[in-house]
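Examination of the molecular architecture
The primary structure of each chain is shown beneath.
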Amino acid sequence: MKKKLVVLTGAGMSAESGIATFRDSGGLWEQHPVEKVATPEGFAANPELVQKFYNMRRRELLNAKPNAGHYALAEMEKDFEVHIITQNIDNLHEQAGSTNVLHLHGELMKSRSTGDPSLIYEMDASNPDIKMGDTCKKGFQLRPHIVWFGEAVPMIPRAEMICREADIFVIIGTSMNVYPAAGLLSDVQSHIPVYLIDPKDVSTHRHDVHHIQMGASEGVKELKKLLG
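Residues numbered from 1 in each chain as written. Predicted model: local features only at pLDDT ≥ 70, side-chain atom pairs only at ≥ 80, totals over all residues. Heavy atoms only, no water.

**Some remarks on the pattern of salt bridges**
Per the counting criterion, the structure on display carries 12 salt bridges. We note a salt bridge from Glu165 to Lys4, for which the minimum N-O separation is 2.5 Å. Note that Glu165 is positioned in the loop between helix 8 (156-164) and strand 7 (168-172) and Lys4 in strand 1 (residues 4-9), a separation of 161 residues in sequence. Overall, Glu165 belongs to the partly exposed group, its relative accessible area being 41%. On the accessibility criterion, Lys4 (10% relative accessible area) is buried. (Salt bridge = Lys/Arg side-chain N within 4 Å of Asp/Glu carboxyl O. Helix = DSSP H or I, 4+ residues; strand = E, 2+ residues; numbered from the N terminus. Buried < 20%, exposed > 50% of the residue type's maximum accessible area, 1.4 Å probe, protein only.)

**Some remarks on helix 5 (residues 47-62)**
Taking 1.5 Å of rise per residue, the 16 residues of helix 5 would be expected to cover 22 Å, and the 23 Å separating its terminal C-alpha atoms lies within 8% of that figure. All buried positions along helix 5 are accounted for by Pro47, Val50, Gln51, Phe53, Tyr54, Asn55, Arg57, Arg58 and Leu61. (Expected span 1.5 Å × (residues − 1).)

**So, the packing of aromatic side chains**
A full pass over the atoms with the stated rule returns three aromatic pairs. Ring centres of Phe53 and Tyr54 lie 4.9 Å apart, and the angle between their planes is 90°; on these two criteria the pair is classed as edge-to-face. We note that Phe53, like Tyr54, is buried. Aromatic side chains Tyr54 and Trp148 sit 6.3 Å apart centroid to centroid with 40° between the ring planes, which places their arrangement in the tilted category. Of this pair, Tyr54 sits in helix 5 while Trp148 sits in the loop between strand 6 (142-146) and helix 8, placing them 94 residues apart in sequence. Among the residues examined, Trp148 registers a relative accessible area of 2% and is labelled buried. One aromatic cluster is present, formed by Phe43, Phe53, Tyr54 and Trp148 through successive ring pairs. Cation over ring: Arg57 sits above Phe53, and NZ or CZ is 4.7 Å from the ring centre. Sitting over the face of the ring of Trp148, Arg143 holds its NZ or CZ atom 3.7 Å from the ring centroid. (Phe/Tyr/Trp six-rings, centres within 6.5 Å; stacked < 30°, edge-to-face > 60°. Lys NZ or Arg CZ within 6 Å of the ring centre and 35° of its normal.)

**What to know about the sheet that holds strand 6**
Taken in spatial order, the three strands line up as 5-4-6 in an open sheet, and their pairing is antiparallel. Strands at the two margins of the open sheet, each flanked by one partner only, are strand 5 (120-122) and strand 6. Between one strand and the next, the sheet's axes are offset by a mean angle of 45°, whatever the strand orientation. Across five bridges, the pairing between strand 4 (residues 106-113) and strand 6 is antiparallel. Paired with Ser113 across the bridge in strand 6 is Leu142. (Pairing = 2+ DSSP bridges. Axes fitted to C-alpha atoms, helices over the stretch in contact; angles between N-to-C directions.)

**Re the packing of helix 6 (residues 68-75) against helix 9 (residues 216-227)**
Running from N to C, helix 6 and helix 9 point in directions that differ by 25°, and their axes come no closer than 7 Å. The angle between the axes of helix 6 and helix 9 places the two elements in the roughly parallel class. Judged by the sense of rotation from one axis to the other, the crossing of helix 6 with helix 9 is left-handed. Listed contacts from helix 9 to Ala68, Gly69, Ala72, Leu73 and Glu75 of helix 6 are Ala216, Ser217, Val220 and Lys224. (Parallel < 35°, antiparallel > 145°, perpendicular 65-115°, else oblique. Left-handed = near helix turned anticlockwise from the far one by under 90°. Contact = heavy atoms within 4.5 Å.)

**Some details on the environment of Glu107**
Mapping Glu107 onto the fold places it in strand 4. Considered as a pair, Glu107 and Tyr121 are 14 residues apart in the sequence and their alpha carbons are 10 Å apart. Leave out the neighbours within four places in its chain, and Glu107 touches Ile89, Glu94, His145 and Ile146.

What follows is the structure, given as C-alpha cells:
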C-alpha cells in the first residue's frame, strides 16, 4: 500500500512558471489594493474593476506552463498516494498531471453565480473573460470562482481530514502566514515527517521540519532523492 504524501503549495510553487505572486515586493497586492479586488465589498463597489483584474490573471495563466516542480509532483504518484492542497488559483498542478488537487482559494478557470454559489462553470480558454452582463442559468451575474478575503473557505474541513491522514507532509512555496491554510500543519500528527521547500526562511510551530532551502523545481527533485 502506498504512503499518503500530502503537499501544501502556495505562490512560490507557481512563481517559476511566471505567475505573479501577491505578497512579494512588487507583487500584485502592491499594484492592486486587496480590499479593491479581493473582497466582497470591493466587488460590490466596482465589479468592473474586479472582473478586469481576474480577466488579466486568467490571460496570464493561459500563457503559463507548469514548471519542473509541478511535473515532479505528478510523477510521484507512481510511488505515493499524492494529495495536493493548494492555495493557488491556477490549474498548473492539473496541467502537469496531478490527479488529486484540492483548491482552497478557488479556481481561476471557473466562474460562479453571484446568486447561487452551487452554480459553477468551467471557463472557455478561447473566451477567458467574465463580463458584466454574463449570467448563470438563473439570471444572476457571474463572478470569479475565487475565495475572497472575508469569505468562508469551504474546502478547509476536507483539507484538515486529508492532513490528519498524512504519512508524509510537504510544504512548498508558502509563507505559512495565511489562515486558515497555515493552520493545516497543526492537523498533521506529531510523529509524521514534515519537509519544507522554500528558498526563504519560513517559521512554523514545529521544530522537526526538514528545510530544503531551494525553489520549487530543484526542491522537489531533492525531496524525491530524500524519500528514495
